[in-house]
Amino acid sequence: MRLLVTNDDGIESEGLHVLVDRLHRAGHELLVVAPDRDWSGASSSLGRLNADEHLDARRVEVPGCPEAEAWSLAGPPGMCVLAAVLEAFGPTPDLVVSGINAGLNTGRAILHSGTVGAVLTAQNFGLSGLAVSVQAVEPWQWQTAARLAADTVSLAALAPPRSALNLNVPALPRAEVRGVKWARLAPFGEVRAAVAGIHDGRVQFELVATDDEFPPDSDEGLVREGWAALTTLVGIAEAWPPDEGLEPTGPIAVADSIGPGAPLHSVHRVPDASAPRTLWRPKLGP
């Protein structure tokens, strides 16, 4: 299987190197396209893109795995995925693997993650993907995360088209990880941003560790108990009332009915996207 491997920590990241080596030893054909610098927090950003400009791409060698075709690209992870999907580096990959990120990507904070953003970009362009992150505790357990990632790649490959999986791994040797469990998103992640102060017109931020308790079935809660947490994500979705059909069957004449093709009416209310069974992922293409 042809895998695109990327990350948001940059081409020099040890987590990326360990992941590439493990996937290569698993027998996959690898294309590595990673940012030339740290793009943490880039989400699904493509960066600056103009028709009269270019992005520098440089052929590199991944330490320990010279067999892998690898490129450093002057752009965020979302752009690395887009470039690969548009065949800038050869045939379109079959699957995207993003990571290993230095630190967990758990909870709703994944909205801002470049590691997860790469996989959601892949989903938006028709590919499935796997984001991999490991808990920020020294010594870094890169090998544990890489082994679990390699095991999960086959699951992602057999998943429905455009599946996006997010794997978070505790800072434990592989033999001490209790297993892998499906997880919900925690209310927030392992750390939270806080404003440390404003001085001379400059806003200083800091990351504060989260001491709250998390639901036991959440990604953050499971990792804290020694489990690897796996979550299925949807990046772009529409919200519709749960009792309305999504496919219009003809002219809609009922004023209080909201559905595809219905004219906006004063009696309509915006659907509650947090309610169960209200989200629908749009199809790819016409």
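Quick note: structure is the one above.
Conventions and cut-offs
Residues numbered from 1 in each chain as written. Predicted model: local features only at pLDDT ≥ 70, side-chain atom pairs only at ≥ 80, totals over all residues. Heavy atoms only, no water. Pairing = 2+ DSSP bridges. Helix = DSSP H or I, 4+ residues; strand = E, 2+ residues; numbered from the N terminus. Phe/Tyr/Trp six-rings, centres within 6.5 Å; stacked < 30°, edge-to-face > 60°. Buried < 20%, exposed > 50% of the residue type's maximum accessible area, 1.4 Å probe, protein only. Lys NZ or Arg CZ within 6 Å of the ring centre and 35° of its normal. Right-handed = clockwise from strand over helix to strand, strands pointing away.

Draft legend 1. Representation of the pairing of strand β4 (residues 65-73) in the model. In the sheet, strand β2 (residues 29-35) pairs with β4 via five bridges, with the strands oriented parallel. Of the residues in β4, the one forming a bridge with Pro35 is Leu73. Two strands pair when backbone bridges link them, and strand β3 (residues 57-62) and β4 are joined in this way by five bridges, in the antiparallel orientation. Residue pairing across strands places Val62 opposite Cys65, the latter belonging to β4. Here β3 hands over to β4 after two residues, with Gly64 in that stretch at a positive phi of 85°.

Draft legend 2. Quick peek at the packing of aromatic side chains. Under the criterion given, the structure shown has three aromatic pairs. Ring geometry for Trp71 against Phe89: centres 5.2 Å apart, planes inclined by 45°, an arrangement best described as tilted. Separated by 18 residues along the polypeptide, Trp71 in strand β4 and Phe89 in the loop between α2 (77-85) and β5 (95-102) bring together distant segments of the chain. Between Trp140 and Trp142 the ring centres are 5.0 Å apart and the planes differ by 10°, which places this aromatic pair in the stacked class. For Trp142, a relative accessible area of 7% puts it in the buried group. Lying across the ring of Trp227, Lys181 places its NZ or CZ 4.2 Å from the centre.

Draft legend 3. Structural detail: the pairing of β2. Of all seven residues in β2, six are buried; the element is thus mostly enclosed. Relative to β2, strand β1 (residues 2-6) runs parallel, the two sharing four bridges. Within β2, the residue paired with Leu3 across the bridge is Leu30. On the question of chirality, the crossover connecting β1 to the parallel β2 by way of helix α1 (residues 14-25) is right-handed.

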